[in-house]
Amino acid sequence: MKFKEDIGGVVKEARKSQSVTLRQLSEATGISVGFLSQFERGICNISLDSLSKIAQALDISVDEFFHEDEVKQDKDYQVLRPHEMVPAHVSNSSIQYHLTTNYNSGFLPRIHVLLPQPENPPEEIATYSHAGEEFIYVLEGVLNLYVGDKQDLLYPGDSAYFRSGIAHNWVNLSNKVTRVLSVNYPNPLQNEEGKGLPVEYGTV
């Protein structure tokens, strides 16, 4: 997936279809009328955080601002450059990148960019369990990892392996971005069981 070329136009169309004025959108998001006007006309760029506020105010999914690319498949060999990485899922708390476009692979490697969370973290973290195995490696920031009754803080260079059948989750409770490499086996996009998996971790 990648940003639609005219993302400001997408926002303008969504806003007008709901009869929302620029001033009303400004009041709902805390973004100035002048900036919103320039953004809709394609004069300036916007951060993911501000885009999320607009999506919430207009009651639409952030995914509306992205579109699917044609998938290039090579089952035997594939190189993915950093500039070719595009979001597979976006939310207010995280961005997920697939590190392969060969979704028939037996495993799924991903990068999770976990955004800073509010100052008051929740008292309880939701956990999930499913078939398979997982490996994670912290690239940047601090990660709170929950696996069964265990809780660990992972720092850059730390890694963890666990059976996915154990209830688990990981979150970023810091005020800085955390980046995590994960590998799932089997590939949750390849089987029926995987359709019930959360599309992202790091949510609270």
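Everything numeric in this text was worked out from a predicted model, so none of it was measured.

Reading guide: rules and limits
Residues numbered from 1 in each chain as written. Predicted model: local features only at pLDDT ≥ 70, side-chain atom pairs only at ≥ 80, totals over all residues. Heavy atoms only, no water. Helix = DSSP H or I, 4+ residues; strand = E, 2+ residues; numbered from the N terminus. Buried < 20%, exposed > 50% of the residue type's maximum accessible area, 1.4 Å probe, protein only. Contact = heavy atoms within 4.5 Å. Areas by Shrake-Rupley, 256 points an atom, 1.4 Å probe, with all protein chains shown as cover. Core = buried A, V, L, I, M, F, W, Y, C linked by side-chain atoms within 4.5 Å. Pairing = 2+ DSSP bridges. Axes fitted to C-alpha atoms, helices over the stretch in contact; angles between N-to-C directions. Arc of directions from axis to C-beta. Salt bridge = Lys/Arg side-chain N within 4 Å of Asp/Glu carboxyl O.

Draft legend 1. Broad picture of the overall build of the protein. In terms of helices and strands, the protein carries 4 helices and 11 strands. Among the 204 residues that make up the protein, the fraction classed as buried is 39%. In the protein, 66% of the contacts between residues at least 6 apart in sequence involve partners at least 24 apart. Accessible area of the protein: about 11,900 Å², with a carbon and sulfur share of 49%.

Draft legend 2. Up close: the nonpolar core. Counting residues in hydrophobic clusters, the biggest one holds 13 residues, and the most contacted among them are Val-11, Leu-25, Phe-39, Leu-51, Ile-54 and Leu-58. For this core, the secondary-structure elements that each account for two or more residues are helix H1 (7-17), helix H3 (33-40) and helix H4 (48-57). The element that contributes the greatest number of residues to this core is H1, accounting for 3 residues. If we skip the residues at most four places from it in the chain, Leu-58 touches Val-11, Ala-14, Arg-15, Gln-18, Val-20 and Leu-25. Within the second largest apolar cluster, 11 residues are counted, among which are Leu-114, Ile-136, Ala-160 and Val-180.

Draft legend 3. View of the sheet that holds strand E9 (residues 159-163). One open sheet holds the 6 strands; their spatial order is E3-E4-E5-E11-E6-E9, and the pairing between them is antiparallel. Of all strands in the sheet, those with a lone pairing partner are strand E3 (87-90) and E9, marking the two edges. Sheet twist, expressed as the mean angle between neighbouring strand axes with direction ignored, is 20°. Pairing geometry for strand E6 (residues 133-140) and E9, over 5 bridges, is antiparallel. Among the inter-strand pairings, Tyr-137 is bridged to a residue of E9, identified as Ser-159.

Draft legend 4. Quick peek at H1. Where H1 is concerned, the buried positions are Ile-7, Gly-8, Gly-9, Val-11, Ala-14 and Arg-15. Once H1 ends, the next one or two residues include Ser-19, with phi positive near 55°.

Draft legend 5. Looking closely at unusual backbone geometry. With omega at -5°, the peptide bond leading from Tyr-185 into Pro-186 counts as cis. Residue placement: Pro-186 occurs in the segment after strand E11 (178-185). Unusually for a residue other than glycine, Ser-19 sits at a positive phi of about 55°. Relative to the helices and strands, Ser-19 resides in the loop between H1 and helix H2 (22-29).

Draft legend 6. Examining the pairing of E3 more closely. Of the strand pairs in this sheet, E3 and strand E4 (residues 94-98) are connected by 3 bridges, and their pairing is antiparallel. The partner of His-89 across the bridge, within E4, is Gln-96.

Draft legend 7. Looking closely at H2. When we look at burial in H2, the residues that qualify are Leu-25, Ser-26 and Thr-29. Down the axis of H2, the buried set is contained in an arc of 105°. They therefore lie on one face. What points out from H2, more than 90 degrees from its buried face, is the exposed set Arg-23, Glu-27 and Ala-28. The first or second residue beyond H2 is Gly-30, which carries a positive phi of 80°.

Draft legend 8. Highlighting the side chain of Glu-40. On the secondary structure map, Glu-40 appears in helix H3. With relative accessibility at 8%, the residue Glu-40 sits in the buried group. When residues no more than four places from it in sequence are discounted, the contact partners of Glu-40 are Gly-8, Gly-9, Val-11, Lys-12, Arg-15 and Leu-22.

Draft legend 9. Fine view of the pattern of salt bridges. In this structure the tally under the stated criterion is 2 salt bridges. The partner of Glu-40 in a salt bridge is Arg-15, and the shortest N-O contact between them spans 2.7 Å. Residue Glu-40 is located in helix H3, and its partner Arg-15 is located in helix H1; the two are separated by 25 residues in the primary sequence. The residue Arg-163 makes a salt bridge to Glu-133 at a minimum N-O spacing of 3.8 Å. Taken together, the residues Arg-163 in strand E9 and Glu-133 in strand E6 connect sequence positions 30 residues apart.

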